[in-house]
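Chain by chain, the residues run as shown.
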Amino acid sequence: QVQLVESGGGLVQAGGSLRLSCAGSGRTFSASSMAWFRQAPGKEREYVAGINYSGGATRYGDSVKGRFTISRDNAKNTVFLQMNSLKVEDTAVYYCAGGILAWSSQTPRDYTYWGQGTQVTVSS
């Protein structure tokens with residue numbers, strides 16, 4: 001079993017940057033593919049970025065390509081999401097998710113473990 005705790009959310013002006021962290025516990029963290037999703041009020045949960053178990057492969061949702069970077073440090077059981085050039089439409093609750101067999105999936109149901117979410121608000 002893996003438990004995930006996100007941090008780093010907050011309020012930032014458009015054009016600014018934030019770095020989200022997701023701290024994991026459990027022996028299977030380093031074997032798990034990890035991803036970030038986000039959900040804005042009234043909208044479906046959206047895939048943001050994913051990274052495989054080793055960190056050697058990543059993928060991004062179309063709306064964040066070139067602006068966001070996902071990375072991980074397995075020695076510290078932590079996944080990061082560096083968000084640059086933030087836009088108002090990036091405002092959402094951001095969730096960290098993981099799953100051993102979830103690599104490359106953009107579907108929330110394919111992920112086994114979820115954090116509680118962290119709010120990101122981008123003002124104009």
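Just above, that's the structure.
These notes cover the structure that comes with them. Remember, it's a predicted structure, so these values are computed and weren't measured experimentally. (Residues numbered from 1 in each chain as written. Predicted model: local features only at pLDDT ≥ 70, side-chain atom pairs only at ≥ 80, totals over all residues. Heavy atoms only, no water.)

## Points about the environment of C22
Here C22 is to be found in strand β3 (residues 18-25). When the C-alpha atoms of C22 and Q3 are compared, they prove to be 9.8 Å apart, with 19 residues separating the residues in sequence. The residues contacting C22, other than those within four sequence positions of it, are L4, V5, E6, M34, W36, N77, T78, V79 and C96. (Helix = DSSP H or I, 4+ residues; strand = E, 2+ residues; numbered from the N terminus. Contact = heavy atoms within 4.5 Å.)

## Overview of the pairing of strand β8 (residues 78-83)
In regular strands, side chains alternate between the two faces of the sheet. β8 sits mainly inside the fold: five of its six residues count as buried. Pairing analysis gives six bridges linking strand β7 (residues 68-73) to β8, with the strands arranged antiparallel. Bridging from a neighbouring strand, F68 pairs with M83 of β8. (Buried < 20%, exposed > 50% of the residue type's maximum accessible area, 1.4 Å probe, protein only. Pairing = 2+ DSSP bridges.)

## Structural notes on the pattern of salt bridges
Throughout the structure, instances matching the rule amount to four salt bridges. In this structure, the salt-bridge partner of D90 is R67, at a minimum N-O distance of 2.7 Å. Residue D90 is found in the loop between β8 and β9 (92-99), and its partner R67 is found in the loop between β6 (58-60) and β7; the two are separated by 23 residues along the sequence. Here R67 falls in the buried class, since its relative accessible area comes to 12%. (Salt bridge = Lys/Arg side-chain N within 4 Å of Asp/Glu carboxyl O.)

## A few points about the nonpolar core
Side chains of a nonpolar character, in soluble globular proteins, are inclined to be buried together. W36, L81, M83 and Y94 are the most contacted members of the largest nonpolar core, which totals 27 residues. Put simply, the parts of the chain that give this core at least two residues each are β3, β4 (33-39), β5 (46-51), β7, β8, β9 and β11 (118-123). Not counting residues within four places of it along the chain, the set of residues in contact with Y94 comprises E6, L20, W36, F37, R38, V48, F68, L81, M83, G117, T118 and V120. Of all hydrophobic cores here, the second largest spans six residues; its members include A35, F37, A97 and Y111. (Core = buried A, V, L, I, M, F, W, Y, C linked by side-chain atoms within 4.5 Å.)

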